[in-house]
Amino acid sequence: MNFERNIIVTGGAGFIGSHVVRRLVRNYPAYRIINVDLLTYAGNLENLKDIENEPNYLFERADICDHEKMSRLISRYNVSGIIHLAAESHVDRSIRDPFTFACTNVMGTLSLLQSARNIWEQSPDGYHGKLFYHISTDEVYGALPFDSSLFTESTPYSPHSPYSASKASSDHFVRAFHDTYGLPAIITNCSNNYGPYQFPEKLIPLFINNIRQGKPLPVYGEGLNVRDWLYVEDHARAIDLIFHKGTPGDTYNIGGFNEKRNIDLVHSLIAVTDRLLGRPQGASLPLITHVTDRKGHDLRYAIDASKLQRELGWTPSLQFEEGLERTVRWYLDNEEWMERVTSGAYENYYREMYADR
Ligand SMILES: NC(=O)c1ccc[n+]([C@@H]2O[C@H](COP(=O)([O-])OP(=O)(O)OC[C@H]3O[C@@H](n4cnc5c(N)ncnc54)[C@H](O)[C@@H]3O)[C@@H](O)[C@H]2O)c1
């Protein structure tokens, strides 16, 4: 079958990547979407069960750091677009093991940039119709005070955690490849995502699961840190739009216009989860346990996404209350998914299946 375009999505078995893959596979039957993922602990092909047999979907198990293999894949499939999400993504893990973050996020991105550049430069039409789209985070900008200031696209980078330092570094390499070699590249920096299929080391799925099981809800410090939250499908919609309409060489901030203090988010989660489980209001409040604050915990992140709104007409489609309700309902309805993730069953199944790839 001949496809109009072949697009690699790296990290497509992860949380955000699986939503991006699903959206592109469904909305663009003329494209072949090649999900390239190493299947680390965070990669779970069960996130894509509903589209895995679609004729325009393909999975390739590969490490983005494997330069030869990534070059082969870009060549073999005549890839004209790369949407790069593969990364180590959990701040707490980066504090314990910064090296892995530098390897995957920095060296992996650099290696992938080099593969794309080499192959595209040598292709008959050069960079024409090609795009390297790098997905990054608002955490690269550092921390904001508790006032009305927002991160804009021109806020200077000031990362504090090993995770954000590694993402900032990868952003710089992407920009450098654009400025030095003319590689058509776009970077987007997005705030915290929430929604279905998120690995339950992250606050929202972890807490929903703990509330369900009556386990403690560990809140860092007083829970006063502020984050902006965006429903993951709204992020996937922004990525789709920017991939097609964004200007190469540009950066866009993506956010939910939805700041929450951690403690308020936890209260909302308890209210919705208790209600959906038919428990009395506030029944799970005693599960809140304040624990020692995260090292270097940034006070506040908040995104100004007005450039994206102004230039490409994107705004979040879902109100936070509705997004949270949908999310809690999804995790409660998909207990088996949660069970297989927390027990590790998903890893063994797919790792064995793709062991020789
Ligand atoms: N989750 C958020 O709130 C958020 C917000 C802004 C930006 N981001 C960025 O979006 C991207 C995706 O985040 P996520 O939350 O979906 O992450 P995730 O941890 O859920 O998924 C990461 C995926 O990358 C894969 N991967 C890891 N190392 C790899 C390697 N060496 N080669 C190939 N694949 C590899 C994993 O198997 C996994 O499927 C990341 O780049 C992250 O920095 C995330």
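To be clear, the structure that these remarks concern was listed above.
Report on the accompanying structure.

How each quantity is defined
Residues numbered from 1 in each chain as written. Predicted model: local features only at pLDDT ≥ 70, side-chain atom pairs only at ≥ 80, totals over all residues. Heavy atoms only, no water. Near = heavy atom within 4 Å. Polar contact = N/O pair within 3.5 Å; in protein donor to acceptor, adjacent residues only side chain to side chain. Areas by Shrake-Rupley, 256 points an atom, 1.4 Å probe, with all protein chains shown as cover. Helix = DSSP H or I, 4+ residues; strand = E, 2+ residues; numbered from the N terminus. Nonpolar A, V, L, I, M, F, W, Y, C, P; charged D, E, K, R; others polar. Pairing = 2+ DSSP bridges. Axes fitted to C-alpha atoms, helices over the stretch in contact; angles between N-to-C directions. Expected span 1.5 Å × (residues − 1). Buried < 20%, exposed > 50% of the residue type's maximum accessible area, 1.4 Å probe, protein only. Phe/Tyr/Trp six-rings, centres within 6.5 Å; stacked < 30°, edge-to-face > 60°. Lys NZ or Arg CZ within 6 Å of the ring centre and 35° of its normal.

1. Looking at the site of the ligand
- Close to the ligand lie 28 residues, the nearest being I16, D37, S89, Y163 and K167.
- Residue K167 places a side-chain N or O atom 2.6 Å away from an oxygen atom belonging to the ligand.
- Here an oxygen atom of the ligand sits 2.8 Å away from a polar atom, N or O, in the main chain of N193.
- In isolation the ligand exposes 830 Å². Once the protein is present, 96% of that is buried.
- Going through the elements one at a time, α1 (15-27), β5 (131-137), α5 (162-181) and β7 (192-194) are the ones with two or more residues in the shell around the ligand.
- Ranked by the residues each element gives to the shell around the ligand, the list is headed by β5, at three residues.
- Across the shell around the ligand, the residue classes break down as 14 nonpolar, eleven polar and three charged.

2. Quick look at the sheet that holds strand β4 (residues 81-84)
- Taken together, seven strands build an open sheet; the order of strands is β3-β2-β1-β4-β5-β6-β10 and the sheet is parallel. The open sheet terminates on both sides in strands that have one partner only, identified here as β3 (57-61) and β10 (251-254). Going from strand to strand, the sheet's axes swing by 20° on average, the running direction of each strand aside.

3. A word on the sheet that holds β7
- With mixed pairing, the three strands of this open sheet are ordered in space as β7-β9-β11. The two strands at the open ends of the sheet, each matched to only one other strand, are β7 and β11 (259-261). Taking each pair of neighbouring strands and ignoring which way they run, the sheet shows an average axis angle of 50°.
- Taken together, the three bridges between β7 and strand β9 (residues 226-231) define a ladder with parallel strand orientation.

4. Re helix α7 (residues 232-245)
- Its 14 residues give α7 an end-to-end C-alpha distance of 20 Å, which sits within 8% of 20 Å, the value for a rise of 1.5 Å per residue.
- Burial in α7 covers these residues: V232, D234, H235, A236, A238, I239, D240, I242 and F243.

5. Notes on the pairing of β10
- Side-chain alternation along β10 places T251 and N253 on one buried face and Y252 and I254 on a second face that is also buried.
- Of the pairings in the sheet, the one linking strand β6 (residues 185-190) to β10 comprises four bridges and is parallel in character. From the neighbouring strand, N189 faces β10, where its bridge partner is N253.

6. A word on the packing of aromatic side chains
- Overall, the coordinates contain 15 aromatic pairs when judged by the stated rule.
- Both rings, one in Y194 and one in F320, keep their centres 5.3 Å apart while their planes meet at 65°; by these two values the pair is edge-to-face. With a gap of 126 residues between them, Y194 in strand β7 and F320 in helix α10 (residues 320-333) connect regions that are remote in the sequence.
- Residue F320 is classed as buried on the basis of its relative accessible area, which comes to 6%.
- Within the aromatic cluster, the residues linked to one another by ring pairs are Y141, F151, Y157 and Y301.
- For the cation-ring pair, K307 lies above Y252, with the distance from its terminal atom to the ring centre recorded as 4.7 Å.

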